[in-house]
Amino acid sequence: MLRPLLSLTGGLIATLLAGALSAEPLSQEDLSVAEVLRDRALESSDAYSIVESLTVEVGPRPAGSEGDRRAVAWAQEKMKALGFDRVYTEQIEVPRWARGHAHARVVAPFPQPLVVTSLGYGIGTPEGGITAEVVEFADVDALMKAPARKVRGKIAFINKRMERTRTGEGYGPVVSGRSKGMTAAAEKGAAALLIRSVGTDSDRFAHTGMMSIDGIEKPVPALALSAPDANLLEAMLSRGKPVEVNLDVHNQRLEDGPSFNVIGEITGREKPEEVVIIGAHLDSWDEGTGALDDGAGVAIVMETARLIGELPLRPRRTLRVILYGAEEIGLVGAKQYLAAHQSELDQIVAVSESDFGAGKIWRFDTRLPETKFDIADQMMRLLAPLGIERGHNKSSGGPDSSVFVARGVPAFGLYQDGTDYFDYHHTPNDTLDKVDPEILKQNVAAWIVMSFLAVEMEGDLGRVPVAQ
């Protein structure tokens, strides 16, 4: 049946849509149109040109920076060019920070340079830098349990390796060292913090990322070491001699300022007030061009909406694309969006986000009431031919979507293969050449099945009980 469906004219598609009057949540007509859209995406979607445009014409876009402002303007122009019915922005307030230089070198007993990068919103060193002995910890918990006398005046080094997995589940056990390590080091009087980069590569690139900065009276410089340099420092320490490192770092905390969530809509024909939100985050770290994190996600959801918007009839309810601001520094855009739209929460039918690079989608997760599992089963009929398997019902929908899920909003999750994602994550190596145009088409094909069926189905998905 696939070939005849691919040859459907716009008029026939319109007839199918107009006749979708079944009492079932997903009628055969809905599924037929979704199948056409899926196969069209595999043949002709052009998400790659969107991420190429973003990385070439904008590049790095830290929250509140000049690059961020260019990205907001770019996103509005691009959405209008792609035919969205409505395009607008909502201002958010963000803390701002500018990265300066970060130099590190071993001064004794085996002098040589180290490759490091400042963690996000980290402070600099005094003029001339600091030199101190290094003390090693297996993980952040070991640092938190250590007596202050062991840490005071020294450079605390958290040396925990990240496990490579398809799902990226090795990230959670390691990222706490980045997020909590500086606080623990500062509280114990350390001179500075070094961490093994939160990544799975062996390249001599350090991985940046956000850390907790709130409520710390006397923060200390905090830097990530590339994996080879963490290995080098580990080997030096294993020789039983004191290892001294000099750090020379310059960063600048700026005044808080504005950023924006950029929002585009394909307006529903029958229930425009009911909304399915699909999203990605527009900001990135400054080391690379943000092609994987999250330029690919931006392209996937924008292209999904474009193809649905080209149908002869608008979908039953509104498809809203949100490009969230300031995700990298703590889901700021998503949290402020939720706060500003509390009264509309009941109108959000479902949420989902693409924010795990550009790998092939292999798993479909949900967070739905058990009474709605049949909808996911129907979606799976069209996802399975793309090489996608059914996952669990514990999806957060993605980082930004998680703030909605915490309030009981149903979520869908299309899981990409993240085997190599953390080789590039938050490094200078997060660049366009890591994005495969054909795999991006498979992503759009999956997203268009899920998104179209969610906006077109009869009824809704209810609410998921929230654990107290």
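These figures come from a predicted structure and were not determined experimentally.

Asker: What is the right way to read the pattern of salt bridges from this model?
Answerer: As a working rule, side chains carrying opposite charge can pair if their charged atoms are close by. A full pass over the atoms with the stated rule returns 23 salt bridges. Glu66 is the partner of Arg69 in a salt bridge, and the nearest nitrogen-oxygen pair spans 3.0 Å. Remark: Glu66 and Arg69 occur in helix α5 (residues 66–81); sequence separation between them is three residues, near one turn of the helix. Accessibility expressed as a relative area gives 44% for Glu66, which makes it partly exposed. The salt bridge partner of Glu456 is Arg316, with a shortest N-O separation of 3.4 Å.

Asker: Sorry if this is basic, but what is going on with the nonpolar core here?
Answerer: Within soluble globular proteins, side chains that are nonpolar generally end up buried alongside one another. With 102 residues, the main nonpolar core has Leu282, Leu323 and Phe364 as its most contacted residues. In terms of residue count, the dominant contributor to this core is helix α15 (residues 437–456) (twelve residues). Setting aside residues up to four positions removed in sequence, Leu323 forms contacts with Ala75, Met79, Phe260, Asn261, Val262, Ala280, Leu282, Val298, Val301 and Met302. Ala104, Phe157, Met236 and Val243 belong to the second largest nonpolar core, which has 22 residues in total.

Asker: Is there a simple way to explain the packing of aromatic side chains in this structure?
Answerer: Here the distance between the centres and the angle between the planes together describe a pair of aromatic rings. Applying the stated criterion to the full structure yields eight aromatic pairs. Ring geometry for Phe356 and Tyr415: centres 5.9 Å apart, planes at 85°, overall edge-to-face. Placement of the pair is Phe356 in the loop between β11 (348–353) and β12 (361–367) and Tyr415 in strand β14 (residues 411–416), with a sequence separation of 59 residues. What makes Phe356 buried here is its relative accessible area of 13%. The aromatic ring of Tyr88 is capped on one face by Arg86, whose charged end is 3.9 Å from the ring centroid. Directly above the ring of Trp362 sits Arg166, whose terminal nitrogen or CZ lies 3.8 Å from the centroid.

Conventions adopted
- Residue numbers restart at each chain and count upward from 1, following the sequence in its written direction.
- Predicted model: local features are reported for residues with pLDDT of at least 70 only, side-chain atom pairs are reported and counted for 80 or more only, and whole-chain, interface and lining totals are derived from all residues.
- Computation of side-chain values: all heavy atoms of the structure, hydrogens and water removed.
- Salt bridge, as used here: a side-chain nitrogen of Lys or Arg that lies within 4 Å of a carboxyl oxygen of Asp or Glu.
- Think of it this way: any DSSP run of H or I at least four residues long counts as a helix, any run of E at least two long counts as a strand, and we number them from the N terminus.
- Think of it in three bands: residues with accessible area under 20% of the maximum for their type are buried, residues over 50% are exposed, and the middle band is partly exposed, with areas taken using a 1.4 Å probe on protein chains only.
- Residues belong to one nonpolar core when they are buried, are Ala, Val, Leu, Ile, Met, Phe, Trp, Tyr or Cys, and are joined through side-chain atoms within 4.5 Å.
- Note on contacts: a residue pair is in contact if any heavy atoms of the two residues lie within 4.5 Å.
- Between rings of Phe, Tyr and Trp, where Trp is taken as its six-membered ring, a pair exists when centres lie within 6.5 Å; planes separated by under 30 degrees are stacked, by over 60 edge-to-face, and by other angles tilted.
- Here, over-ring charges are defined by two tests on the NZ atom of lysine or the CZ atom of arginine: distance to the ring centre within 6 Å, and angle to the ring normal within 35 degrees.

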